[in-house]
Amino acid sequence: METTVKLKLGFAALMIVSGIGVAMYPVVSNAVAQRHASSVIESYNDTVQSMDAEKIDAAKEAARRYNQQLNNALDRDAAGEADDIGTSYVDMLDVGESLGYITIPKIDVNLPIYEGTSDDVLVKGVGHLEGSSYPLGGAGTHSVLTGHRGLAEAVLFTDLDKLGAGDRFYLH
């Protein structure tokens, strides 16, 4: 009889601990994802700060040229004269694991921007759609950034619905 009681108590304790573990999974996994994102952003900032102004200006100019080539290629494609744009944006920058990061203060988002839109990229941050303009801004540019909402592992863009007209976001 005593063994049965111990077994039932052990099973009950196991179920309680398992329930707490399941309930804590989103919180813990999001904290790990945020830590990774913060580390990538910090590494990006350190790399950019260690670059001299000439190298930064050259990278920005290469990105602008890419955007212009992309815009010209889209114009030629619309006219039925498709052409390769030449330089890949992947070849332009050497700032580490990410291309930059996005900050949305109202919903407390700070996420690294990575090249591409694969599942691996979108689980850990924001993807930049290849074939869209590099996110520098400017006339004729159309940059596409992609990201998930509602993942169990990370918050990412889950709170985008809380933004309204006039809310600001920043690309670094």
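Use the structure listed above.
All of the points below concern the structure found in this document. Residue positions are given per chain, counted from 1 along the sequence in the order it is written. Reporting of local features is limited, given that this is a predicted model, to residues whose pLDDT is at least 70; pairs of side-chain atoms are given and counted only at 80 or more, and all residues count toward the totals for whole chains, interfaces and linings. Just so you know, side-chain values use all the structure's heavy atoms and leave hydrogens and water out.

## Thoughts on the overall build of the protein chain
And step 1. The secondary structure listing takes helices from DSSP runs of H or I that are at least 4 residues long and strands from runs of E that are at least 2 residues long, numbered from the N terminus. When helices and strands are tallied, the protein chain shows 3 helices and 5 strands.
And step 2. Of the regular secondary structure in the protein chain, the N- to C-terminal order runs α-α-β-β-α-β-β-β.
And step 3. Each residue is placed in one exposure class: buried if its accessible area under a 1.4 Å probe, protein chains only, is under 20% of its type's maximum, exposed if it is over 50%, and partly exposed if it falls in between. The burial tally for the protein chain puts 27% of its 172 residues in the buried class.
And step 4. Throughout, a residue-residue contact means that at least one pair of heavy atoms, one from each residue, lies within 4.5 Å. Taking as baseline every contact in the protein chain between residues at least 6 positions apart, the subset at least 24 positions apart corresponds to 57%.
And step 5. When the accessible area of the protein chain is evaluated, it comes to approximately 11,000 Å², of which 56% is carbon and sulfur surface. What sets the accessible areas is the Shrake-Rupley method with a 1.4 Å probe; for residues, cover comes only from the shown protein chains.

## Section: the sheet that holds strand 4 (residues 145–146)
And step 1. Here, strands pair whenever DSSP counts at least two bridges between them. Strand order in this open sheet of 5 strands is 4-3-2-1-5, and the pairing throughout is mixed. Looking at the sheet topology across the chains shown, the edges are occupied by strand 4 and strand 5 (170–171).
And step 2. Where helix 1 (residues 2–50) meets the sheet, it contacts strand 1 (100–104) and strand 2 (109–115), and its direction lies at approximately 70° from that of strand 2. Convention adopted: a line fitted to C-alpha atoms gives each axis, helices being fitted over their contacting stretch, and angles between N-to-C directions are expressed from 0 to 180 degrees.

## Brief notes about the pattern of salt bridges
And step 1. The term salt bridge refers to a pairing of a side-chain nitrogen on Lys or Arg with a carboxyl oxygen on Asp or Glu at a separation within 4 Å. On inspection of all chains with the given rule, the structure shows 5 salt bridges.
And step 2. Put simply, Lys 6 and Glu 2 hold a salt bridge, and the shortest N to O gap is 3.8 Å. Pair noted here: Lys 6 and Glu 2 are both in helix 1, with a separation of 4 residues, about one helical turn. Each member of the pair Lys 6 and Glu 2 is classed as exposed.
And step 3. Of the charged contacts in the structure, one is a salt bridge between Glu 97 and Lys 124, with a shortest N-O distance of 3.5 Å. Pair noted here: Glu 97 is in the loop between helix 2 (53–78) and strand 1 and Lys 124 is in helix 3 (residues 119–124), with a separation of 27 residues, a long-range link.
And step 4. What makes Glu 97 partly exposed here is its relative accessible area of 47%.

## A word on the packing of aromatic side chains
And step 1. Side-chain rings of Phe, Tyr and Trp (the six-membered ring for Trp) are treated as a pair once their centres are within 6.5 Å; stacked means planes under 30 degrees apart, edge-to-face means over 60, and tilted covers the remaining angles. In this structure the tally under the stated criterion is 1 aromatic pair.
And step 2. Note on Tyr 44 and Tyr 101: the rings are 5.9 Å apart at their centroids and 85° apart in plane angle, and the pair reads as edge-to-face. In this pair, Tyr 44 is assigned in helix 1 and Tyr 101 in strand 1, connecting sequence segments 57 residues apart.
And step 3. Directly above the ring of Tyr 114 sits Lys 124, whose terminal nitrogen or CZ lies 4.6 Å from the centroid. A ring is scored as having a charge over it whenever the NZ atom of a lysine or the CZ atom of an arginine sits within 6 Å of its centre and within 35 degrees of its normal.

## Thoughts on the nonpolar core
And step 1. Residues enter a nonpolar core if they are buried and are Ala, Val, Leu, Ile, Met, Phe, Trp, Tyr or Cys, with the set joined through side-chain atoms within 4.5 Å. Counting residues in each nonpolar core, the largest one holds 10 residues, listed as Ile 102, Ile 104, Ile 107, Val 109, Leu 111, Ile 113, Val 126, Ala 154, Leu 156 and Phe 157.
And step 2. Here this core gets 3 residues from one element, more than from any other, and that element is strand 2.
And step 3. Grouped together as the second largest cluster of nonpolar side chains are 5 residues, Ala 63, Leu 70, Leu 99 and Tyr 134 included.

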